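Chain residues, written in single-letter form:
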Amino acid sequence: MSAVLIDGKALSARKREEIKKKCEIFEQEYGRKICLAVVLVGNDPASEVYVRNKIRGCEATDIRSLSFTLPQTASQNDVEQLICALSADESVDGILVQLPLPKGLDEDRILNLIPPEKDVDGFHPVNVGKLLLGKETIVACTPMGVMTMLRDNDISVAGKNAVVIGRSNIVGKPMAMLLLRDHATVTICHSRTKNLKEICKNADILVAAIGKPEFVTADMVKDGAVVIDVGINRVNGKLKGDVDFDSVKEKASYITPVPGGVGPMTITTLLENTYLCGVRRERAKS
Ligand code: GUN
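Residues numbered from 1 in each chain as written. Predicted model: local features only at pLDDT ≥ 70, side-chain atom pairs only at ≥ 80, totals over all residues. Heavy atoms only, no water.

From N to C terminus, the chain includes ten helices and eleven strands. Against the globule reference of 19 Å for 286 residues, the chain gives a C-alpha radius of gyration of 19 Å, in line with a compact fold. Each principal axis of the C-alpha atoms in the chain carries an extent, and together these give about 50 × 40 × 35 Å. Counting all 286 residues of the chain, 48% fall into the buried class. Counting contacts in the chain only where the partners sit at least 6 residues apart, residues at least 24 apart contribute 71% of the total. Carbon together with sulfur atoms contributes 52% to the accessible area of the chain, which is approximately 13,600 Å² in total. Treating the 38 positive side-chain charges of the chain as one cloud and the 37 negative ones as another, the clouds have centres 2 Å apart. (Helix = DSSP H or I, 4+ residues; strand = E, 2+ residues; numbered from the N terminus. Rg over C-alpha atoms; globule rule 2.2 N^0.38 Å. Buried < 20%, exposed > 50% of the residue type's maximum accessible area, 1.4 Å probe, protein only. Contact = heavy atoms within 4.5 Å. Areas by Shrake-Rupley, 256 points an atom, 1.4 Å probe, with all protein chains shown as cover. Lys, Arg positive; Asp, Glu negative; His and termini not counted. Charge placed at Lys NZ, Arg CZ, Asp CG, Glu CD.)

Next up, the structure:
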């Protein structure tokens, strides 16, 4: 049996149409556009590509974008002053600081300066805490995009064994919390996990977010499992996921490809989060 492909590109295109319509209605209602400020510090090539794609996503969905690029040599104070100015700017709905920041900058201090109501990445401790408590909040884009993909394919989560490989703050931890919020039985695996293969083999839903190319092989996957590949690894100039796609697709019931799976949904979820921040900020005024 060959798995059904979860097409993140097609879903992303559909979602962007929906977001664009919602942003147009927002503008009619409130007389201004939703606005996202994107901050890039330094010249990491991968970050430059991500930021460019985020700005393009804004253009496609009628979101106003402000782009700020600070030099590699920017001081902690330079970055903090910019964040404070954007925090105070009433026309800005969302603030995104592209990670990683250059060495020497205090990432926590910078991220904590973004007001939770403008935190489109869902990285602020207040938003992370709300997620942990199972409350509605802005959630990190990649795991939220994965949940949208599951829902769009009518894949129910409640009562399933979900295994997340990876415990990063950006993907693994919020992914586990979202699956738990939707009533899955969740196991988080990481580099020190013993019996990783046995644990993965028990997964009805397996999410790979470890950053190791083709780490998940067919012998780690249960027949009929849903396999979500969050990996983006560059190998000899080609993009590879964390899952050995060719062998695993013969065992899984659903699988996401790389590229064209989770990746496109991440930026689309950022646009959705920006819209949500805009609406919530306006509603909080009335
Ligand atoms: N760097 C890698 N992923 C992300 C993300 O989701 N948001 C931000 N701000 N930086 C990142």
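A few words on the pattern of salt bridges. In this structure the tally under the stated criterion is 17 salt bridges. Residues E27 and K33 are paired through a salt bridge, measuring 3.1 Å at the closest nitrogen-oxygen approach. Judged by relative accessible area, which is 29%, E27 ranks as partly exposed. Where R32 meets D93, a salt bridge forms, and the shortest distance between an N and an O atom there is 2.8 Å. Separated by 61 residues along the polypeptide, R32 in the loop between helix 1 (8–30) and strand 2 (35–41) and D93 in the loop between helix 3 (76–88) and strand 4 (94–97) bring together distant segments of the chain. The pair formed by R32 and D93 is uniform in burial state, with each residue classed as buried. (Salt bridge = Lys/Arg side-chain N within 4 Å of Asp/Glu carboxyl O.)

This part takes up the packing of aromatic side chains. Overall, the coordinates contain one aromatic pair when judged by the stated rule. Both rings, one in F26 and one in Y30, keep their centres 4.8 Å apart while their planes meet at 50 degrees; by these two values the pair is tilted. On the criterion of helical spacing, the pair formed by F26 and Y30 is a turn pair, its members being four residues apart in helix 1. Judged by relative accessible area, which is 28%, Y30 ranks as partly exposed. (Phe/Tyr/Trp six-rings, centres within 6.5 Å; stacked < 30°, edge-to-face > 60°.)

A word on the pairing of strand 8 (residues 226–229). Burial along strand 8 is two-sided: the residues V226 and I228 and V227 and D229 are all buried. Judged from the four bridges that link them, strand 7 (residues 205–208) and strand 8 form a sheet pairing that is parallel. If you follow I205 over to strand 8, its bridge partner there is V226. (Pairing = 2+ DSSP bridges.)

Attention now goes to the layout of surface pockets. In this structure, the largest pocket encloses a volume near 1,200 Å³. Along the walls of the largest pocket sit 44 residues, with Y50, T142, I232, G263 and T266 positioned nearest its centre. Sorting the residues of the lining of the largest pocket by element identifies helix 1, helix 2 (45–60), strand 4, helix 6 (141–152), strand 9 (233–235) and helix 10 (262–285) as the ones contributing at least two each. In terms of residue class, the lining of the largest pocket is made up of 24 nonpolar, twelve polar and eight charged. When its volume is computed, the second largest pocket comes out at roughly 430 Å³. Taken together, the elements giving at least two residues each to the lining of the second largest pocket come down to helix 4 (107–113), helix 5 (125–132) and helix 7 (172–181). Considering every element that reaches the lining of the second largest pocket, the biggest residue donor is helix 5, with five residues. (1 Å grid on protein atoms, 1.4 Å probe; cavity = no way out; pocket = protein on both sides within 12 Å on 5 of 7 lines; lining within 4 Å. Points joined across faces, edges and corners; volume = space filled by probe spheres on them. Nonpolar A, V, L, I, M, F, W, Y, C, P; charged D, E, K, R; others polar.)

Our focus in this paragraph is the site of the ligand. Near the ligand you find K54, L96, V97, Q98, L99, D121 and F123, and these make up its full shell. Measuring from a nitrogen atom of the ligand, one finds a backbone N or O atom of V97 at 2.8 Å. Out of a free accessible area of 280 Å², the ligand has 81% covered by protein chains. Mapping the ligand onto the cavity grids shows that it belongs to the largest pocket. Along the lines of polarity and charge, the residues of the shell around the ligand split into four nonpolar, one polar and two charged. (Near = heavy atom within 4 Å. Polar contact = N/O pair within 3.5 Å; in protein donor to acceptor, adjacent residues only side chain to side chain. Sits in = over half its atoms within 2 Å of the grid points.)

This brings us to helix 7. Within helix 7, the full set of buried residues consists of G172, P174, M175, A176, L178 and L179. For helix 7, the secondary structure elements touched by its buried residues are helix 5, helix 6, strand 5 (161–165), strand 6 (185–189) and strand 7. Where helix 7 ends, the next residue or the one after it, H183, has phi of about 75 degrees, a positive value.

In this section: the side chain of D93. Here D93 falls in the buried class, since its relative accessible area comes to 0%. Side-chain polar atoms of D93 contact the side chain of R32, separated by 2.8 Å. Of the polar contacts made by the side chain of D93, one reaches the backbone nitrogen of C35; its length is 2.9 Å. For D93, the residues in contact, after removing those within four places along its chain, are R32, K33, I34, C35, E117, K118, T274, C277, G278 and R281.

This paragraph deals with helix 2. Under the 1.5 Å per step criterion, the end-to-end length of helix 2 is 23 Å for 16 residues, consistent within 8% with the ideal 22 Å. Along its buried surface, helix 2 packs onto helix 1, strand 2, strand 3 (64–70), strand 4 and helix 10. (Expected span 1.5 Å × (residues − 1).)

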